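Letter by letter, the chains look like this.
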Amino acid sequence: MNSAYLPSFVKRLGRITESQKNNLKDLSFYEVKTIADCWEFVANSNAILDIGFGDGDFTISLAEKFPNTRIIASEVYKSGIGSLLGKVKAKQIEDIKVFLGDVRDILISESKPVFNKVFVMFPDPWQKARHHKRRLISPTFFKIIKPHLTDKAEIFISTDWENYSESIIALKDSLTDFLFEEGVFTETTFETRFAKRAIKEGRLIKTFKFTLLK
Ligand SMILES: C[S@@+](CC[C@H](N)C(=O)[O-])C[C@H]1O[C@@H](n2cnc3c(N)ncnc32)[C@H](O)[C@@H]1O
């Protein structure tokens, strides 16, 4: 992957199951490749961007929770895309399209304010200090995402890593265009795979909401 950014995702073996492979045969129907493709798909509707969806269960929960809303779901790994497409097809959901790759790559070309909700559930934690620069949630992320947000758009971020939480909380003072809140939000109550793992391993999950003020 030739992203302009340091990878924010962990290298995985990329093993793809037969059923994921089978689901990926329909990728071209569900895929958006450019930001213009996203605009076309979300035109005149509420639009959500779900970043790093993993197995896609949370994305499906968003589609069920927010009817009449179009969702762009982004993930770096084909295995995840294959899983999500299987669920999308089984449930005959028409409101989800996928971007395969580093989400930042489609956000850095042109921009138009279309997304009113953005979700980043359990971004890869990059726990070691020397890896912190790989973390997705950073001042750069907010700079890239902001021009794509509608008025009062909300960005939800959950993490179970204390040090990542601290670094997100530390961002709030410099992000004067956003209202910062920490709490429990109905939008993110669904337990993702990584949420379940955090609970099992006894880590506290924190969720943050950044609302665009201007
Ligand atoms: C720890 S997993 C969490 C998956 C899922 N959200 C959940 O809660 O179960 C983080 C996911 O984000 C994806 N990811 C990391 N950086 C990304 C980026 N820049 N663009 C798109 N996806 C990314 C990774 O590939 C990985 O699947």
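The following refers to the structure shown.

Calculation notes
- Counting restarts for each chain: residues are numbered from 1 in the order of the written sequence.
- Totals for whole chains, interfaces and linings use all residues, but because this is a predicted model, local features are given only for residues with pLDDT of at least 70 and pairs of side-chain atoms are given and counted only at 80 or more.
- The basis for the side-chain values is all heavy atoms of the structure; hydrogens and waters are excluded.
- Any two strands with at least two DSSP bridges between them are considered paired.
- Put simply, DSSP H or I for four residues or longer makes a helix, DSSP E for two residues or longer makes a strand, and each gets a number counted from the N terminus.
- Here an axis means a line fitted to C-alpha atoms, over the contact stretch when the element is a helix, while the angle between two N-to-C directions is reported on a 0 to 180 degree scale.
- It only takes one pair of heavy atoms within 4.5 Å for two residues to be counted as in contact.
- Here a residue is considered near a molecule or strand provided that any single heavy atom belonging to it is located within 4 Å of it.
- Pairs of N or O atoms within 3.5 Å make up the polar contacts considered here, provided that, within protein, one atom can donate a hydrogen while the other can accept it, and that residues adjacent in sequence are counted only when both atoms are side-chain atoms.
- Only the protein chains shown count as cover for residues, and the accessible areas themselves come from Shrake-Rupley with a 1.4 Å probe.
- Each residue is assigned to one of three groups, with Ala, Val, Leu, Ile, Met, Phe, Trp, Tyr, Cys and Pro labelled nonpolar, Asp, Glu, Lys and Arg labelled charged, and all others, Gly among them, labelled polar.
- Here a salt bridge means any side-chain nitrogen of Lys or Arg lying within 4 Å of a carboxyl oxygen belonging to Asp or Glu.
- Remark: exposure states derive from per-residue accessible area (1.4 Å probe, protein chains only) relative to the maximum for the residue type, with buried under 20%, exposed over 50%, and partly exposed in between.

To continue, consider the sheet that holds strand E5 (residues 149–159). Ordered in space as E3-E2-E1-E4-E5-E7-E6, the seven strands form an open sheet in which the pairing is mixed. The open sheet terminates on both sides in strands that have one partner only, identified here as strand E3 (96–100) and strand E6 (178–182). Ignoring which end each strand starts from, the neighbouring axes of this sheet average 15 degrees apart. In the packing of helix H5 (residues 78–90) onto the sheet, the strands contacted are strand E2 (69–75) and E3, and the crossing angle to E3 comes to about 170 degrees. Contacting E5, E6 and strand E7 (206–212), helix H8 (residues 162–171) crosses the sheet at an angle of about 20 degrees to E7.

This part is about the site of the ligand. Taken together, 21 residues are adjacent to the ligand, and Ser8, Gly52, Glu75, Met121 and Thr192 come closest. The separation between a nitrogen atom of the ligand and a polar main-chain atom of Val103 is 3.0 Å. About the coverage of the ligand: the protein hides 96% of its 600 Å² of free accessible area. For the shell around the ligand, the secondary-structure elements that each account for two or more residues are E2 and helix H9 (193–200). Partitioning the shell around the ligand into residue classes produces nine nonpolar, six polar and six charged.

Attention now goes to the pattern of salt bridges. Evaluation of the coordinates by the stated rule reveals 12 salt bridges. Note that Asp102 is salt-bridged to Arg104, the shortest N-O span being 2.7 Å. Note on Asp102: relative accessible area 6%, which makes it buried. Here Arg104 falls in the buried class, since its relative accessible area comes to 7%. Note that Arg203 and Glu201 form a salt bridge whose closest N and O atoms lie 2.8 Å from each other. Three or more residues are tied together by salt bridges with common partners; here these are Lys117, Glu154 and Lys209.

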